[in-house]
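Chains, contacts and geometry: an overview
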Amino acid sequence: LTREQMQQIKQIRQRSKDKITQNKQAVEKTKQELETLMASSESSEQVRTKYNQLKAIREELADIHFENTLAIREVLNLEQRQNFTERMYKNRRAKK
């Protein structure tokens with residue numbers, strides 16, 4: 001990567017850093033709330049609502065990550081994109 005590319009990628013990540021942090025915190029808080037609801041006498045509908053809230057937050061977080069990936073992709077040339085994609089999917093398979 002060139003210095004300019006590295007700077008652009010850093011800016012892309014920086015722009016969404018706060019939103020990602022907020023969403024991760026919201027996921028953890030909502031997971032705890034869901035766990036509490038599951039163990040309570042609240043209605044199934046209330047539990048379902050909290051679960052749907054958790055799904056929505058996770059989806060928003062995934063969308064942010066995807067948009068970052070697309071933005072980074074635009075900074076790269078074709079060869080770099082191929083390497084980036086290969087490494088990205090290799091890392092995801094290794095985590096499973």
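Sequence order as written defines residue numbering, which begins from 1 separately in each chain. Totals for whole chains, interfaces and linings use all residues, but because this is a predicted model, local features are given only for residues with pLDDT of at least 70 and pairs of side-chain atoms are given and counted only at 80 or more. Hydrogens and water molecules were not included; the side-chain quantities draw on all heavy atoms of the structure.

Let's shift gears to the nonpolar core. The nonpolar core is taken to be a set of buried Ala, Val, Leu, Ile, Met, Phe, Trp, Tyr and Cys residues, with the residues joined through side-chain atoms within 4.5 Å. Relative accessible area decides the class of each residue, using a 1.4 Å probe on protein chains only: under 20% of the type maximum gives buried, over 50% gives exposed, and in between gives partly exposed. Judged by nonpolar contacts, Val27, Leu34, Leu37, Val47, Leu54 and Ile57 together constitute the single largest core of six residues. Runs of H or I in DSSP of at least four residues are treated as helices and runs of E of at least two as strands, each being numbered from the N terminus. Sorting the residues of this core by element identifies helix H1 (3-38) and helix H2 (44-75) as the ones contributing at least two each. Core analysis: the second largest hydrophobic core is formed by five residues, Ile12, Ile72, Val75 and Leu76 among them.

Moving on to the environment of Arg81. Along the chain, the position of Arg81 falls in helix H3 (residues 78-95). Sequence-distant contacts of Arg81, that is, excluding residues within four places in its chain, are made with Arg73, Glu74 and Leu76. Contacts are assigned to residue pairs with any non-hydrogen atoms lying within 4.5 Å of each other.

In this analysis an axis means a line fitted to C-alpha atoms, helices contributing only their contacting stretch, and an angle means the value between N-to-C directions, from 0 to 180 degrees. Across the interface, H1 lies against H2 with an axial gap of 9 Å and an inter-helix angle of 170°. By the criterion of interaxial angle, the relationship of H1 to H2 is roughly antiparallel. A breakdown of the residues in the contact of H1 with H2 according to their chemical character gives 17 nonpolar, nine polar and eight charged. In what follows, roughly perpendicular refers to angles from 65 to 115 degrees, roughly parallel to angles under 35, roughly antiparallel to angles over 145, and oblique to any angle outside these ranges. Amino acids outside the nonpolar list (Ala, Val, Leu, Ile, Met, Phe, Trp, Tyr, Cys, Pro) and the charged list (Asp, Glu, Lys, Arg) are all regarded as polar, and Gly is one of them.

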